[in-house]
Amino acid sequence: MPRTLSPTRVLARFAVRLALLAGFAAFGSIGFGRSFAALLWMSIVLCALAGLIRREPPFGTALNHWDEGVAFGALFALVHIVQ
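Please read these numbers as outputs of a predicted model, since none were measured by experiment. (Residues numbered from 1 in each chain as written. Predicted model: local features only at pLDDT ≥ 70, side-chain atom pairs only at ≥ 80, totals over all residues. Heavy atoms only, no water.)

Re the pattern of salt bridges
Worth spelling out the cut-off: A pairing counts as a salt bridge when a side-chain nitrogen of Lys or Arg comes within 4 Å of a carboxyl oxygen of Asp or Glu. For the purposes of this entry, the term helix denotes a DSSP run of H or I that reaches at least four residues, the term strand denotes a run of E that reaches at least two, and both are numbered from the N terminus. Throughout this description, buried means an accessible area under 20% of the type-specific maximum (1.4 Å probe, protein chains only), exposed means over 50%, and partly exposed covers the range between.
According to the stated counting rule, one finds three salt bridges in the structure shown. Between Arg 17 and Glu 68 there is a salt bridge whose closest N-O contact spans 3.0 Å. Taken together, the positions of Arg 17 in helix α1 (residues 7-26) and Glu 68 in helix α3 (residues 65-82) put the pair 51 residues apart, joining distant regions of the chain. What makes Glu 68 buried here is its relative accessible area of 3%. Of the charged contacts, one joins Glu 56 and Arg 54 as a salt bridge, the two residues approaching to 3.6 Å between their closest N and O atoms. Connected through salt bridges with shared partners, the residues Arg 13, Arg 17 and Glu 68 form a single ionic network.

Structure representation (C-alpha cells):
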C-alpha cells in the first residue's frame, strides 16, 4: 500500500474538513468568525500532529497533512484579517 495519497483525495479530504468546520462554526455561541478561527487553529495543530505521527516529509512532492496545515493556516490568517 503506498504511503502517499493522490492529490485529488487530499483535496477532497481538505474540502470535507473545511465544510465540517464551517458547519460547526455556524452553530458556535461566540459567533461565526471567532468559532471558525478557533476550529482552524485546532485543525492546524491536528494536521501537524498527523504529519509527525505518519512521518510525512514537510516539503515532499506529494500533498500531505503538512500541506493541509499550511492551507488551514492561510485561512486562519485570512479570518483574522477580516475580523
